[in-house]
Number of protein chains: 2
Amino acid sequence: MLLMRQELGEVLREIRQAQGRTLRDVASSSAVSLGYLSEIERGGKEASSELLAAICAGLGLSLSEVLGQLRDRVEHVETLTAPVSLPVAPARETVSASAA
Amino acid sequence: MLLMRQELGEVLREIRQAQGRTLRDVASSSAVSLGYLSEIERGGKEASSELLAAICAGLGLSLSEVLGQLRDRVEHVETLTAPVSLPVAPARETVSASAA
């Protein structure tokens, strides 16, 4: 099952790393404990809406910007995990050797 | 503070109502309790990732589709609540009547 907290964790980590920042730095900017932020990035804990707002602020992004990246990532994962429907050749009449 | 659970609740309710469905119907399709779904729609409770996945499935939408609508709504609310910067006229020298 595709779980939002796991994809959100990846997105928050990607943003932080793209900014060249440490967990400690973002935790401090967000007023969120280091351990909690780390758990959220690993997808182990759900971020409450209040916590998510604080982390977005700490990263200097709006909630909609983070949600946009999350949507894109989830869509990508959905594409990768979608059931594959292989092309099926149309049924053809079998011509047996004896009929030739 | 803009809270994700409140906007998510609104989005889930809008989708359900656009489908002309009752809370009871979607709760049943999602295997989520009616009371819990109602609380989520009202923004009173955070939906866990498992519950959100179940509700999306019950509504017949992918998580990325719901997140897309959520992103759009949050962006709209951010625009409405952004601090307004009024245009400030450039400073001009004050010409006093006596100087004329």
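Here the structure is a predicted model, which means the values were calculated and not measured.

Give a description of the overall build of chain A that names residues and reports values.
Secondary structure assignment for chain A yields 5 helices and 0 strands. In sequence order, the secondary structure elements of chain A are arranged as α-α-α-α-α. In chain A, buried positions account for 27% of the 100 residues. Across chain A, the fraction of contacts at a sequence separation of at least 24, relative to all contacts at a separation of at least 6, is 62%.

Pulling in residues and values, what's your account of the relation of the copies chain A and chain B?
For the pair chain A and chain B, the superposition axis carries a translation of 0.0 Å, the fit reaches an RMSD of 0.1 Å, and the rotation angle comes to 180°. The transformation relating the two chain copies, once decomposed into turn and shift, fits a two-fold axis. Most of the interface of chain A is mirrored in chain B: 100% of its interface residues are interface residues there too.

Run through helix 5 (residues 63-81) of chain A, naming residues and quoting values.
Spanning 19 residues, helix 5 of chain A covers 26 Å between terminal C-alpha atoms, matching the ideal 27 Å at 1.5 Å per step. Considered for burial, the residues of helix 5 of chain A that qualify are A:L63, A:S64, A:V66, A:L67, A:G68, A:L70, A:R71 and A:V74. Contacts made by the buried residues of helix 5 of chain A are with helix 1 (4-18) and helix 4 (49-59) of chain A together with helix 1 (4-18) and helix 5 (63-81) of chain B.

Lay out the interface of chain A and chain B with the relevant residues and their values.
How large an interface is tends to be reported as the accessible area lost when its parts come together. On the chain B side, the residues contacting the 21 residues of chain A number 21 residues. Secondary structure elements with two or more residues in the side of chain A that touches chain B: helix 1, helix 4 and helix 5 of chain A. Looking at the side of chain A that touches chain B element by element, the count peaks at 9 residues for helix 5 of chain A.

Describe the packing of helix 2 (residues 23-30) of chain A against helix 4 of chain A, naming the residues involved and giving the relevant values.
All names here are of chain A. Interaxial distance between helix 2 and helix 4 falls to 8 Å at its minimum, and their mutual angle equals 115°. Classified by the interaxial angle, the pair formed by helix 2 and helix 4 is roughly perpendicular. When you trace helix 2 past helix 4, the crossing you get is right-handed. Counting all contacts with helix 2, which are made through V26, S29 and S30, the residues of helix 4 involved are A54, I55, A57, G58 and L59.

Could you give an account of the packing of helix 2 (residues 23-30) of chain B against helix 3 (residues 34-41) of chain B, naming the residues involved and the relevant values?
Helix packing for two helices is described by the angle between their axes and how far apart those axes are. Residues and elements named next belong to chain B. At their nearest, the axes of helix 2 and helix 3 sit 9 Å apart, and the two run at 110° to each other. Accordingly, the angle class assigned to the pair helix 2 and helix 3 is roughly perpendicular. Seen from above, helix 2 lies across helix 3 with right-handed handedness. In contact with L23, R24, V26, A27 and S30 of helix 2, helix 3 contributes L34, L37 and S38. The class makeup of the residues in the contact of helix 2 with helix 3 is 5 nonpolar, 2 polar and 1 charged.

Can you tell me about the environment of A:T81, naming the residues and giving the values?
With respect to the helices and strands, the residue A:T81 is situated in helix 5. In this structure, the C-alpha to C-alpha distance between A:T81 and A:M1, residues 80 residues apart in sequence, is 9.8 Å.

Account for the confidence of the model for chain A, with residues named and values stated.
Parts of the model with low pLDDT should not have their predicted coordinates read in detail. Residues and elements named next belong to chain A. When pLDDT is averaged along chain A, the result is 91; 89% of the residues meet or exceed 70. The element-level mean pLDDT for chain A is lowest in helix 5, coming to 96, with helix 1 highest at 98. Both scores are given for the predicted complex: the pTM is 0.83, the ipTM 0.82.

Explain the environment of B:G9 residue by residue, including any values.
All names here are of chain B. Mapping G9 onto the fold places it in helix 1. Overall, G9 belongs to the buried group, with 21 C-beta atoms counted inside 10 Å. Residues G9 and S29 lie 20 residues apart in sequence; the distance between their C-alpha atoms is 17 Å. Among all residues touching G9, those that are not within four sequence positions of it are I40, E41, R42 and G43.

Conventions and cut-offs
- Residues numbered from 1 in each chain as written.
- Chains lettered and ligands numbered in written order.
- Predicted model: local features only at pLDDT ≥ 70, side-chain atom pairs only at ≥ 80, totals over all residues.
- Helix = DSSP H or I, 4+ residues; strand = E, 2+ residues; numbered from the N terminus.
- Buried ≥ 20, exposed ≤ 12 C-beta atoms within 10 Å, placed from the backbone.
- Contact = placed C-beta atoms within 7 Å.
- Least-squares fit on C-alpha atoms with pLDDT ≥ 70 in both.
- Expected span 1.5 Å × (residues − 1).
- Axes fitted to C-alpha atoms, helices over the stretch in contact; angles between N-to-C directions.
- Parallel < 35°, antiparallel > 145°, perpendicular 65-115°, else oblique.
- Left-handed = near helix turned anticlockwise from the far one by under 90°.
- Nonpolar A, V, L, I, M, F, W, Y, C, P; charged D, E, K, R; others polar.
- pLDDT = per-residue confidence, 0-100.

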